[in-house]
Amino acid sequence: MGTGIPRPLLITTAAMASAVLLFPVPATAQPGPPPGGGDGHGVHRERAAAGQGQAARTPAGAAATALDAGRASAGARQGGGGYPRRTHLTPPAPNPADKSIKLGLTPYHSIAPKLNELQKLGSDRVSVEVAGRSAGGHQLYLVTLTAPESDREAREQERMREIIENSPAAAAKDRRIKASYKAPVFINNNIHGNEWEGTDAALELIEDLAKAKDRKTADLLAKTRIYLNVTANPDGRIAGTRANANGFDLNRDFITATQPEARAIRQIAIDKQPAVMIDLHGYVNGTLIEPTTPPHGENYEYDLFLKNSYANALGMEAAVNGLGYTAAKDGVEPAVIPFRDQEEGWDDWPPIFTPQYMPFQGAVAAHTVEFPMQVNNRSYDTLPVTELRRRAAINTDIAGAAMRATLDYTAEKRSSVVADQIETFRRGSVGAAQVPVSQETVPGVPGIGPEDVYTTDFPRAYVVPAGRGQRSATAAARLVDHLVANDVRVERARRDFRLGGRSYEAGSYVVDMRQPKRGLANVILHEGRDISADVSTMYDISGWSLGLLWGASVEKVQKAPGGVDVPGRTVRAASPAGYVAPRGDLSLRLDDPRELAALNSLLRDGVQVRRTADGSVLVPASARKKAATLAGRFGVAFHATKAKGVAALHRTRVVAAVTPGELFALREMGFEVLPVSTAALNAGSFDWSAADVLFVSSGLEYGKLDAAARGAFDAFVAGGGGVVGRGSAGAALNAEAGLLAAKPVEGNGDANGVVRVVNAGGPVTGGAPEHTFVYSPMWFTDLGPGVRVDQSYGAGNPLVSGHWRAAQDGGGGPRDAAGKAAVVSGTSAKGGAGVVLFGTEPLFRAHPKGAFAQVGRALMNSAG
């Protein structure tokens, strides 16, 4: 492969493939409840894991879940012939604690019997499949409603679907597609577990369409395939929580896809290619129906998207208002379409929400619909059951009206909806310029102005270099596998080549941006955009870039006059990155979370591992067989070394008061983690002797510890126990406990995005990327003697992409942070403990995977 490295030992493609399941990527954030109980406005933070009763699952548990989901998705892709497709579902045991019951809604354990019954109605329109499993192990039910299809007819529909995506120019001229392709519609329900009613509306819709004898229904089912994810979050539905069993908000996971539920929905999108989709939520009064306010995702074909989304929104608005509910009689306000009725605050900028991800898979209309009557959170606990059930019935009625209006729109506009999906893929395939929205390009949509124009110039290609041009083969393989999992086309070069005036080695990966899903490729790989000046407030994150933050080297090729003619092959998975030198002692870098996982596995197995002066670890030659197994599982490299270890390493036992995403990430890296909180320490039974280091980002306040708990903590630190703090909670504990002399300065609390950093090297940030993620950024000044600056914000304006303004008083902006310390470390003033403080957010929702190792190294080094 042009690298000159000896053949690795025992590393196989099968082993590397298993690593995807054995070591899933970690987790998204769980925001707190917004005003009014629904999604609400403003940027959301994660809550601490401790006390929620939903600790993140171990990697092994998540692996089993992912395996089940993968098998189910594979079955769905195989098709199983025509329609209907009957599946007898085994109902789970009745659960009287299911939170749906109080609302008079369908508990999860009653869904499978209901679907079995609907399949037996004698209707030939209802098909049921299992699309995967939730983090908590519950089945995800996918229902398809359509007119019967023979095996041959189903194969023809699939053939047409593939032509639409892969040969869109031919599809636009294909008379059979125009005449008989069934427009796919996807209805996603209950992705937030305590926003229940979409599930019940879906069950009612399935029954109504199964039984209906009228010509309108027959015409609808002849023209469409309707896919319903009955409950996207059964864990949360049962528990009455927004999050799944891992504690994660699934509707923040659609670019990193850390959770099995999100991966199942992603596969539905790829396999079914919906042209229209709606996602049912609560609770905003009046009923909120997207499209949204600016900023709009710059990678969409937004003219086609706005045309259809606005028209469908008008139909849903009419249907919802037409139910006759009023503010005076029922407490129900008229429906709201943010694009028309609001100036900012509900945006479609980040691709983390389900409807904002679906356009990249071909949807030309996609909506969040927020039904109005709050029944969750405090309302669930305080309102009478009769009132809760009245509200839930209204919400179910409104959800059903939105579904039916969407189906009416799709059936009526089938030809143009399919044509617009074809055009979306055609533009990507030929590299056509985007069409800016205006009154001329999107007639019939009022109020379009320059504030709505968000476009980008797509590069000609991206290259993930091999050999000397690559920071990390492990990170490159992870990024390539993620691109492929999202249905982005990637090629691997068989020979050295030149592109855009630069030379690349064989084995490099190339993403030709003339492909149907170029928008998705750009969303993942592009550095993003600073939108701080565009709008005053954002709904959620504003910057992301897996190209900058996942640890791989990614090079953008703006122009390639001769085209992208690379001698290569399309890949279905990255080539195995694992390697073990054939002889001698072994060196393992600790720059990647998978390398941390491999190290922790070695330590767990009793291998005598030692630190080395350059920040890597020394693995003895006697452990070569174990190293080979781990190289295959995690895709990491063990190189030959003659270095001598400077100190023995031991398992690091971590006590953590952190968010669910951080807890999942720590366990992904193989750390033994015990969640803790202020309340847990004050309970008086916590044994500090079982801990080496404390990690605090949320849920633990030193000032609220009672005298005994405070004394026990102080004794832990004085005895050499390490402390790692992140954000305001970590900085507050450090200050109140008097550990490290460093003054925290908080930036604008609404700020978030990708930032440039300068790494000092050393035990914490050695080998770290030049970019990281911030969310409510912080920096440190007035550093005491012996306090080390491990990482600083870049000079000038360090923000690469996202939204970071100065606060109202003029301070707290990115230029105030420039050059300041972002990560500091030292020895505690109370004893021999090591302390590390992060002003960045290196474990945020799996976005900065390349920064994860900073936290792992901080934990190990602070533990002594």
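### Quick look at the pairing of strand β34 (residues 834–838)
Next up, step 1: With respect to burial, β34 is a largely interior element, five of its five residues being buried.
Next up, step 2: Pairing of strand β26 (residues 722–726) with β34, which is carried by four bridges, proceeds in the parallel orientation. The partner of Val724 across the bridge, within β34, is Val836.
Next up, step 3: Direction of pairing for strand β33 (residues 821–827) relative to β34: antiparallel, over a ladder of five bridges. Note that in β34 the partner of Thr827 across the bridge is Gly834.
Next up, step 4: Linking β33 back to β34 in an antiparallel pair, the connection comprises six residues.

### Considering helix α8 (residues 215–223)
Next up, step 1: Within the sequence span of α8, burial applies to Thr217, Leu220 and Leu221. Summarising the axial view, the buried residues of α8 lie within an arc of 90°, below the 170-degree limit, and thus occupy one face.
Next up, step 2: Two or three places before Lys216, at the opening of α8, Asp214 has a side-chain oxygen 3.3 Å from that residue's backbone nitrogen.

### Examining the packing of helix α21 (residues 593–604) against helix α22 (residues 624–634)
Next up, step 1: Between α21 and α22, the shortest axis-to-axis distance is 10 Å and the interhelical angle comes to 145°. Between α21 and α22 the crossing geometry is right-handed. Facing Arg594, Ala597, Ala598, Ser601 and Leu602 of α21, the residues of α22 in contact are Lys626, Leu630, Arg633 and Phe634.
Next up, step 2: Taken together, the residues of the contact of α21 with α22 break down into five nonpolar, one polar and three charged.

### Focus: helix α18 (residues 473–485)
Next up, step 1: Taking 1.5 Å of rise per residue, the 13 residues of α18 would be expected to cover 18 Å, and the 18 Å separating its terminal C-alpha atoms lies within 8% of that figure.
Next up, step 2: Counting buried residues in α18 gives eleven out of 13 residues, a clear majority hidden from the surface.
Next up, step 3: Between the side-chain oxygen at the start of α18 and the backbone nitrogen of Thr474 there is a gap of 3.4 Å, and the oxygen is on Ser472.
Next up, step 4: At the exit of α18 stands Asp487, carrying a positive phi of roughly 70°.

### Some words on the environment of Asn682
Next up, step 1: Secondary-structure assignment places Asn682 in helix α24 (residues 678–682).
Next up, step 2: With relative accessibility at 26%, the residue Asn682 sits in the partly exposed group.
Next up, step 3: It is 37 Å that separates the C-alpha atoms of Asn682 and Arg610, two residues lying 72 residues apart in sequence.
Next up, step 4: Ignoring sequence-local partners within four residues, the contact set of Asn682 consists of Lys704, Leu705, Asp706 and Ala709.
Next up, step 5: Only 2.8 Å separates the side chain of Asn682 from the backbone nitrogen of Asp706, close enough to count as a polar contact.

### So, the environment of Ser416
Next up, step 1: Along the chain, Ser416 turns up in helix α17 (residues 414–430).
Next up, step 2: Residue Ser416 is classed as partly exposed on the basis of its relative accessible area of 27%.

### A few points about the side chain of Arg414
Next up, step 1: With respect to the secondary-structure elements, Arg414 resides in helix α17.
Next up, step 2: One buried charged residue, Arg414, remains without a salt bridge, the closest side chain of opposite sign being Asp219 at 8.1 Å.
Next up, step 3: Setting aside anything within four residues of it in sequence, one finds Arg414 in contact with Ile177, Lys178, Ala179, Tyr181, Ala183 and Lys223.

### Thoughts on the sheet that holds strand β16 (residues 568–570)
The strands making up a sheet associate through hydrogen bonds between their backbones, and the pairing can be parallel or antiparallel.
Next up, step 1: Taken in spatial order, the five strands of this open sheet run β15-β10-β14-β11-β16, and their pairing is antiparallel. In this open sheet, the two edge strands, each paired with only one partner strand, are β15 (555–557) and β16. The average undirected angle you get between the axes of adjacent strands in this sheet is 25°.
Next up, step 2: The sheet contact formed by strand β10 (residues 461–464) and β15 spans three bridges and is antiparallel. Following the sheet pairing, Tyr462 is matched in β15 by Lys556.

### Here's the deal with unusual backbone geometry
Next up, step 1: Residue Tyr283 follows Gly282 across a cis peptide bond; omega there is 0°.
Next up, step 2: Of note, Tyr283 is situated in the loop between β5 (276–282) and β6 (288–289).
Next up, step 3: Omega for the peptide link from Pro294 to Pro295 comes to 0°, which places this bond in the cis form.
Next up, step 4: Of note, Pro295 is situated in strand β7 (residues 293–296).
Next up, step 5: One non-glycine residue with positive phi stands out, namely Asn190, at about 65°.
Next up, step 6: Its location among the elements puts Asn190 in the loop between β3 (183–189) and α7 (197–211).
Next up, step 7: Phi is positive for Asp487, close to 70°, though the residue is something other than glycine.
Next up, step 8: One can find Asp487 in the loop between α18 and β11 (491–493).
Next up, step 9: By relative accessible area, which is 24% here, Asp487 ends up partly exposed.

### A short note on the sheet that holds β6
Next up, step 1: Spatial strand order, β1-β2-β4-β3-β5-β9-β6: seven strands in an open sheet with mixed pairing. Each edge of the open sheet carries a strand with a single partner, namely β1 (126–133) and β6.
Next up, step 2: Here six bridges tie β3 to strand β4 (residues 224–229), and the two strands are oriented parallel to one another. Of the residues in β4, the one forming a bridge with Ala183 is Thr224.
Next up, step 3: Helix-sheet contacts for α8 involve β2 (139–145), β3 and β4, and the interaxial angle to β4 is about 85°.

### Some words on the pattern of salt bridges
Next up, step 1: A complete count under the given rule lists 48 salt bridges for this structure.
Next up, step 2: The partner of Lys556 in a salt bridge is Glu527, and the shortest N-O contact between them spans 2.9 Å. Of this pair, Lys556 sits in strand β15 while Glu527 sits in the loop between α19 (518–525) and α20 (546–549), and the two are 29 residues apart along the sequence.
Next up, step 3: By relative accessible area, which is 22% here, Lys556 ends up partly exposed.
Next up, step 4: The salt bridge involving Arg589 is made with Asp614; its shortest N-O contact spans 3.9 Å.

### A look at the packing of aromatic side chains
Next up, step 1: Scanning the model with the defined rule gives 23 aromatic pairs in all.
Next up, step 2: Summarising the aromatic geometry, the rings of Phe353 and Tyr539 are spaced 5.6 Å apart at their centres and angled 50° between planes, so their arrangement reads as tilted. A residue pair is termed long-range when its members are at least 10 positions apart, and Phe353 in the loop between β8 (347–348) and α14 (354–357) and Tyr539 in the loop between α19 and α20 qualify at 186 residues. Residues Phe353 and Tyr539 agree in their burial class; the two are buried.

Reading the values: rules and limits
Residues numbered from 1 in each chain as written. Predicted model: local features only at pLDDT ≥ 70, side-chain atom pairs only at ≥ 80, totals over all residues. Heavy atoms only, no water. Buried < 20%, exposed > 50% of the residue type's maximum accessible area, 1.4 Å probe, protein only. Helix = DSSP H or I, 4+ residues; strand = E, 2+ residues; numbered from the N terminus. Pairing = 2+ DSSP bridges. Arc of directions from axis to C-beta. Polar contact = N/O pair within 3.5 Å; in protein donor to acceptor, adjacent residues only side chain to side chain. Axes fitted to C-alpha atoms, helices over the stretch in contact; angles between N-to-C directions. Left-handed = near helix turned anticlockwise from the far one by under 90°. Contact = heavy atoms within 4.5 Å. Nonpolar A, V, L, I, M, F, W, Y, C, P; charged D, E, K, R; others polar. Expected span 1.5 Å × (residues − 1). Lys, Arg positive; Asp, Glu negative; His and termini not counted. Salt bridge = Lys/Arg side-chain N within 4 Å of Asp/Glu carboxyl O. Phe/Tyr/Trp six-rings, centres within 6.5 Å; stacked < 30°, edge-to-face > 60°.

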